[in-house]
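Below, each chain spelled out in residue letters.
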Amino acid sequence: MDSPWCQYVGKPFNCVGDGGRWVSLASDRSLALVSRGLTLSGDLKISTTRLQIDGCVLGNVMAKSSIVTIGPSGSVVGTVHADTIFLAGQVTGKMVAAGQIACAASANFDGHMLATQLSIQAGARIVGTMALRKVGLLPVPMQECA
C-alpha cells in the first residue's frame, strides 16, 4: 500500500511503501541517483530533470530546473537549490525552491527554507526559518537568504 507521502509525490516518482521502506521506481533515464551507502563530499550540480538522494551529500546541491527528492535514508549538509524539493530525510542548511518544498512526516530539517509553496506533514521535525515569496518572482540568490 502506498504511503500518503508517496501518494502526495505522485506521478513523478511512483513511490512504493513496503513495510516502512521507501522505494522510488524510476521509469526513465532522466533520474540522477545518490544511492544509499554513498557519501559525496563537495558541491553537486546536475542537469537532469530529477535527482534522488538516498545517500549523503556533504556540500551544496544545485539543480535549479529539477525536482530533488531526499528520501528517508538521504541527508544533505549544505544548500539545496531546485525547482521543487521533496524532503523525507534530513537537511542541515538551506532549501531554496523556485516552486514548492514538501516535507514528509519523516523529514528532519534544520536551517532556512524559501519557496512559493510549503507543505509540512504532521510529525516532521523543522527547526529554523521559513519564508514564502510570490509566484513568478525569480529565485532569491542564496546570499540573500540569511
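Residues numbered from 1 in each chain as written. Predicted model: local features only at pLDDT ≥ 70, side-chain atom pairs only at ≥ 80, totals over all residues. Heavy atoms only, no water.

Before we go on, may I ask you to explain the overall build of the protein in this structure?
For the protein, the count of helices and strands is one helix and 14 strands. Classification of the 146 residues of the protein by burial places 41% in the buried group. For the protein, the proportion of contacts with a sequence separation of at least 24, taken over those separated by at least 6, is 15%. Summed over its atoms, the accessible surface of the protein is roughly 7,500 Å², and 56% of this surface lies on carbon and sulfur atoms. (Helix = DSSP H or I, 4+ residues; strand = E, 2+ residues; numbered from the N terminus. Buried < 20%, exposed > 50% of the residue type's maximum accessible area, 1.4 Å probe, protein only. Contact = heavy atoms within 4.5 Å. Areas by Shrake-Rupley, 256 points an atom, 1.4 Å probe, with all protein chains shown as cover.)

Mind showing me how you'd approach the environment of A102 here?
You can see A102 is positioned in strand β11 (residues 100–103). With a relative accessible area of 0%, A102 lands in the buried category. Spatially, the C-alpha atom of A102 lies 8.1 Å from that of Q121, the residues being 19 residues apart in sequence.

Would you mind showing me how to read the pairing of strand β9 (residues 75–87) here?
For a regular strand, side-chain orientation follows a simple rule: the groups alternate between the two sheet faces. Burial analysis of β9 places 11 of its 13 residues in the buried class, the great majority of the element. Note that strand β7 (residues 56–58) and β9 share three bridges and pair parallel. Across the sheet, the residue bridging to C56 is S75, located in β9. Strand direction decides the pairing type here: strand β8 (residues 61–70) and β9, joined by seven bridges, are parallel. Each bridged residue has a counterpart across the sheet, and for I67 the counterpart in β9 is T84. The pairing of β9 with strand β10 (residues 90–97) spans eight bridges and is classified as parallel. (Pairing = 2+ DSSP bridges.)

Explain the environment of G59 to me, please; I cannot follow it from the model alone.
The residue G59 is located in the loop between β7 and β8 in this model. G59 sits in the buried class, given a relative accessible area of 13%. Remark: the alpha-carbon pair of G59 and V80, spanning 21 residues in sequence, is separated by 8.9 Å. For G59, the contacting residues outside a window of four places in its chain are G42, D43, V76, V77, G78 and T79.

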